[in-house]
Amino acid sequence: MAKYPFAEIEKKWQSRWESEKTFRAVEDPAFPKERRRYVLDMFPYPSGDGLHVGHPEGYTATDIYCRYLRMNGYNVLHPMGFDAFGLPAENHAIKTGTHPAATTHACIDRFRAQIKSLGFSYDWDREIATCDEDYYRWTQWIFLQLFKKGLAYESDMPINWCPSCKTGLANEEVKDGECDRCGTKVTRKRIRQWVLKITAYADRLLEDLEGLDWPEAVKLMQRNWIGRSEGAEVEFGVEGSAEKLEVFTTRADTLYGVTYMVLAPEHPLVGKITSAAQRAAVEAYVEAAARKSDLERTDLAKDKSGVFTGAYALNPLNGLRVPIWVSDYVLISYGTGAIMAVPAHDDRDWDFAKKFGLPIVQVVASRKQYEGGHDFSKPPAECDIEDGYSVNSGEFTGMPTEDAKKRIIEKVEREGLGRRAVNYKLRDWLFSRQRYWGEPIPLVHCDKCGIVPLPESELPLRLPETKSYAPSGTGESPLANIPEWVNAKCPKCGGPAKRETNTMPQWAGSCWYFLRYLDPKNSGAFASDEAVKYWMPVDLYVGGAEHAVLHLLYARFWHKVLYDIGAVNTKEPFLRLVNQGMILGDDNQKMSKSRGNVVNPDDIIRDFGADSMRVYEMFMGPLQVSKPWATAGLVGVSRFLEKVWALGEKPVAASSPSPELAKLLHKTIKKVSKDTASLDFNTAISQMMIFCNEAARLPELPRSLWESFVLLLSPYAPHLAEELWEKLGHGKSLARESWPAYDEALCADESKEIVAQVNGKIRERFTVPAGTPEKELEAMALALPKVREWTEGKELAKVIVVKDKLVNVVVKG
RNA sequence: GCGAGAGUGGUGGAAUGGCAGACACGCCAGACUUAGGAUCUGGUGCCCACGCGGCGUGAGGGUUCAAGUCCCUUCUCUCGCACCA
């Protein structure tokens, strides 16, 4: 049998789809809202390496789903674009002097061609690239809205600095103390930065997760990242000083157990309260801590360090005098940067107290201890962080932890010593990068007027041309070296002003790209209200799990801001999220150049065709799990498509199929429909293989049977299916043909094989008409020779009958 | 350390609490051929005194007439977080 001419067929149909604009999406009001779907892929960063077999996995999944939806009468928006600002192009520019735009556009062209070679049904008229002026104009516009709402501010807090990328990083971009991008150890650096107040949206970002159809794991990661915790801020007096020491605690019930206080080394009070005797030691400690990177600070987590300040704090509840220490186990960036230490009920405080010989007082007891008359005047044997009953706690002694918390906070509030408070792990988003290849931040610094936003009419603020892309060396972006660009007029007073030289991080463009697809050519707005209303929100968003917090949290934040200013109509951008699993190398390891296990989609398409590539990637296993690539497995899928092609060469008959085959067809339609709708593509393909194996036995194919099958196959192997459809005499693409319907009655078997079990073990099988009553099944089973053999001489305890399935005879003895 | 998920043939993987291993790869045998990753037919979890008997879903318990599936304990792997008071 000749290999089917996939190369020819695929080229033919791809160019036909393109010239006929088969997959153009139009905002046709004839489709009611519930008949519209927005199906989105996470757009790629077009790297110089080209497409990876991991990319087409998600893209194939959404493509199959979209094709299925169209055939089921949905109007589908399915766009593709490019996340095009980013460091690799800039680094290449530094080395070679090539403009990053040139590099990027070359990469985009390559990516686009590769993506097109897989025959995806994108509406290419809506393609966008985040580095295009026409696109980043609106990224800048959104930034200005954030600025105007007071959600963007300058700060020169110490930031995470990647010495290799020569740029600041958001907390989310630091993994294990290393740069998320290049793996370089992150250090700390103080430079002026732009920061977005994402924390102002913390509660909403948390609450609105509830209604989303997202993987629980991703929601959990976001919840943990936001890290909301409820507690109280309590003020401690400082002995011999007017200063107040404020701490945040979630365990107000342990206030009587405070035996010392700890300030973060960066805490402003450190310098003020340190005694003369301790000053030298404290200063040395603070300096040493400042020199440590975040990684070093967490590396030393096991072994606590610290210095006594010589000062004492006064417990607001019991007046007890406790020493104030400085230690880097307290973080300046969380809560108030100071803690009340309760070593009896906090592991970290326990370790610290043990190391420095500080007192430990038990104030919470387990029920057992409490009722057993335990002696609470002695220090406890171990640290216990569980809830229980308050002890050694004055008027609160005896209360369960929950009550004690509430009552103590009430008392603290009543007496003006503190207040109920909520804290978040989430920090504001470090939004500026000291790089060239990103969106310029559309602000100027004017001596007279301060920070002034550019008028919206002056957008886009274009990146200037330059010869040198190298960082300025001062930690500022290369833009700072271009005086013609930096020196500008203040839009407010007309006086001299300097442009902001920081650029935006790569996340900026991807925060809203799904909105630009709605109306990509609009020059008066990022998208028209009509387009937003027509398509939003995104019904299905498919992409890698690596974006679980970063991109998805940032995009949600921007979307909420846009919602607040009335620019979009939904609180959340992505209704349903699916993470495709990673495709590993055939050695079960992550694909990487250094391991030499990378598979190039171009090679696969050349040797086996795009349809084989598509079907194989879907046949490997469930979309959501990681699975290793096996070219041997691909061969199996390729053979399947060859077999389909061979079927297409059989004569087509007007006859109707045999009842058995008709039944198989209807079962196949049912299973493929259900599994495609639920993205269970692997089992849908398996069912089509079963159908083909049967159909291959026929000398000729009944037309109705074969046409239905070709339509079922078309979302999976669209080129092959189109060709077969044409061979069947149809002049038009099958992309908008109706999806085959199945007859439920025809799916049911009229006879069933019943399993006869004795004590749960299968002893015999027999066939009966479907729907045979339980009573009859029982009688038939009991009469079987094998069953009689195993039940002989034993007492019949009971018989369980499951209609159309089994009879289980339970005997004793 | 904490949190989440996953462990099924030689391999990828199927199984509303009801026949474990669909489909595919690989392998074995045969047919047709004589080499462009061919096609077709049959077989293929393990053990066995091969009697259609026994054992089998990481391990150990439990619930149930019936457990890969539900519950408890435990081990291993993957991912995420990691002094967040």
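Residues numbered from 1 in each chain as written. Chains lettered and ligands numbered in written order. Predicted model: local features only at pLDDT ≥ 70, side-chain atom pairs only at ≥ 80, totals over all residues. Heavy atoms only, no water.

This next bit is on the overall build of chain A. Of regular secondary structure, chain A possesses 28 helices and 33 strands. Structurally, chain A occupies a C-alpha span of about 100 × 90 × 50 Å along its principal axes. Counting across all 813 residues of chain A, residues that qualify as buried make up 54%. Summarising the internal contacts of chain A: among those between residues at least 6 apart in sequence, 72% fall at separations of at least 24. Counting every atom, chain A has about 35,100 Å² of accessible surface; 51% of that belongs to carbon and sulfur. (Helix = DSSP H or I, 4+ residues; strand = E, 2+ residues; numbered from the N terminus. Buried < 20%, exposed > 50% of the residue type's maximum accessible area, 1.4 Å probe, protein only. Contact = heavy atoms within 4.5 Å. Areas by Shrake-Rupley, 256 points an atom, 1.4 Å probe, with all protein chains shown as cover.)

Attention now goes to the nonpolar core. General note: in soluble globular proteins, nonpolar side chains tend to be found buried as a group. If you look at the biggest cluster of nonpolar residues, it comprises 184 residues, and the most contacted ones within it are W429, W558 and W629. Excluding anything up to four places from it in sequence, W429 contacts A170, W194, V195, L196, I198, P505, W507, C511, Y554, F557 and W558. The next biggest cluster of nonpolar side chains, apart from the first, holds 36 residues, and it includes Y256, L263, M399 and A404. (Core = buried A, V, L, I, M, F, W, Y, C linked by side-chain atoms within 4.5 Å.)

Turning our eyes to something else, we now look at the pattern of salt bridges. A full pass over the atoms with the stated rule returns 53 salt bridges. The partner of K148 in a salt bridge is E456, with the nearest N and O atoms 2.9 Å apart. Separated by 308 residues along the polypeptide, K148 in helix α5 (residues 133-148) and E456 in the loop between β21 (450-453) and α14 (483-486) bring together distant segments of the chain. E456 sits in the partly exposed class, given a relative accessible area of 34%. Between E235 and R419 there is a salt bridge whose closest N-O contact spans 3.3 Å. Of this pair, E235 sits in strand β10 (residues 229-238) while R419 is found in strand β18 (residues 418-423), placing the two residues 184 residues apart along the sequence. Overall, E235 belongs to the partly exposed group, its relative accessible area being 22%. R419 sits in the partly exposed class, given a relative accessible area of 32%. Three or more residues joined by partner-sharing salt bridges are found here, namely K12, R16, E723 and E726. (Salt bridge = Lys/Arg side-chain N within 4 Å of Asp/Glu carboxyl O.)

The subject of this paragraph is the sheet that holds strand β4 (residues 158-162). Taken together, three strands build an open sheet; the order of strands is β5-β4-β8 and the sheet is antiparallel. Both edges of this open sheet fall to β5 (167-169) and β8 (187-190), since each of them pairs with a single strand only. Within this sheet the neighbouring strands show an average axis-to-axis angle of 60 degrees, counted without direction. Where β4 lies against β5, three bridges are found, and the strand directions are antiparallel. For N160, the partnering residue across the bridge sits in β5 and is L169. (Pairing = 2+ DSSP bridges. Axes fitted to C-alpha atoms, helices over the stretch in contact; angles between N-to-C directions.)

The subject of this paragraph is helix α9 (residues 276-291). Look at α9: 24 Å from first C-alpha to last across 16 residues, which is about the 22 Å you get at 1.5 Å a residue. Three or more residues of α9 are buried, namely V282, Y285 and A289. (Expected span 1.5 Å × (residues − 1).)

Before going further, it helps to examine the pairing of β21. Relative to β21, strand β20 (residues 443-446) is paired through four bridges, and the arrangement is antiparallel. If you follow H445 over to β21, its bridge partner there is I451. Linking two consecutive strands that pair antiparallel, namely β20 and β21, is a turn of three residues.

Glancing now at the packing of aromatic side chains. Inspection of every chain in the model, using the stated rule, returns 46 aromatic pairs. Seen in terms of ring centroids, F248 and Y334 are 6.3 Å apart; in terms of plane orientation they differ by 80 degrees. Their pairing is edge-to-face. Residue F248 is found in strand β11 (residues 244-249), and its partner Y334 is found in the loop between β14 (321-326) and β15 (338-341); the two are separated by 86 residues along the sequence. Here the aromatic rings of Y513 and F514 are separated by 6.0 Å at their centres, their planes lie at 75 degrees, and the arrangement is edge-to-face. F514 shares its class with Y513; the two are buried. Through pairs of rings, three or more aromatic residues link up here, namely F143, F147, W194, Y201, W429, F431, W507, Y554, F557 and W558. If you follow R67 out to its NZ or CZ, it ends over the ring of W17, 4.7 Å from the centre. (Phe/Tyr/Trp six-rings, centres within 6.5 Å; stacked < 30°, edge-to-face > 60°. Lys NZ or Arg CZ within 6 Å of the ring centre and 35° of its normal.)

The next thing to look at is unusual backbone geometry. In this structure, P460 follows L459 across a cis peptide bond, with omega equal to 0 degrees. One can find P460 in the loop between β21 and α14. In this structure, the amide linkage connecting M536 to the following residue, P537, adopts the cis form with an omega of 0 degrees. Among the structural elements, P537 can be located in the loop between α17 (529-535) and β24 (540-544). Within the chain, K21 stands out as a residue other than glycine whose phi angle is a positive 50 degrees. Along the chain, the position of K21 falls in the loop between α1 (6-20) and β1 (36-41). The residue K166 is not glycine, and still its phi comes out positive at about 50 degrees. Summarising the element assignment, K166 is placed in the loop between β4 and β5. Accessibility expressed as a relative area gives 40% for K166, which makes it partly exposed.

Below, the discussion takes up the packing of helix α21 (residues 631-648) against helix α24 (residues 703-713). Where α21 contacts α24, the axes come no closer than 12 Å and their chain directions differ by 150 degrees. Between α21 and α24, the angle falls in the class roughly antiparallel. Seen along the crossing, α21 lies across α24 with a hand that is left-handed. Of α24, the residues touching α21 (which contributes F640, V644, L647 and G648) are W706, F709 and L713. Its residues placed into classes, the contact of α21 with α24 shows six nonpolar, one polar and no charged. (Parallel < 35°, antiparallel > 145°, perpendicular 65-115°, else oblique. Left-handed = near helix turned anticlockwise from the far one by under 90°. Nonpolar A, V, L, I, M, F, W, Y, C, P; charged D, E, K, R; others polar.)

Attention now moves to the side chain of T103. Along the polypeptide, T103 turns up in helix α4 (residues 100-116). The contacts of T103, once residues within four sequence positions are left out, are A89, H92 and T98.

Axis separation between helix α20 (residues 610-619) and helix α23 (residues 681-695) bottoms out at 7 Å; the angle between their running directions is 115 degrees. From α20, V615, M618 and F619 reach across to α23, where they touch F681, N682, I685, S686 and M689. Here the residues of the contact of α20 with α23 sort into six nonpolar, two polar and no charged.

Residues in close proximity to RNA strand B total 56 residues, the closest being S229, T250, R348, P622 and R765. Each atom of RNA strand B within 4 Å of the protein belongs either to a base or to sugar and phosphate, the latter forming 61%. The separation between a sugar or linking oxygen of RNA strand B and a polar main-chain atom of T250 is 2.4 Å. Within the backbone of Y329, a nitrogen or oxygen atom sits 2.8 Å from a sugar or linking oxygen of RNA strand B. Classifying every residue of the surface near RNA strand B by side-chain character gives 27 nonpolar, 13 polar and 16 charged. (Near = heavy atom within 4 Å. Polar contact = N/O pair within 3.5 Å; in protein donor to acceptor, adjacent residues only side chain to side chain.)

Relative to the elements of secondary structure, K304 occurs in the loop between α10 (294-299) and β13 (307-314). Residue K304 is classed as buried on the basis of its relative accessible area of 10%. Between the C-alpha atom of K304 and that of G543, which follows or precedes it by 239 residues, the distance is 41 Å. Look past the residues within four positions of K304 in its chain and what remains in contact with it is Y329, R348, D351, F352, K355 and F356.

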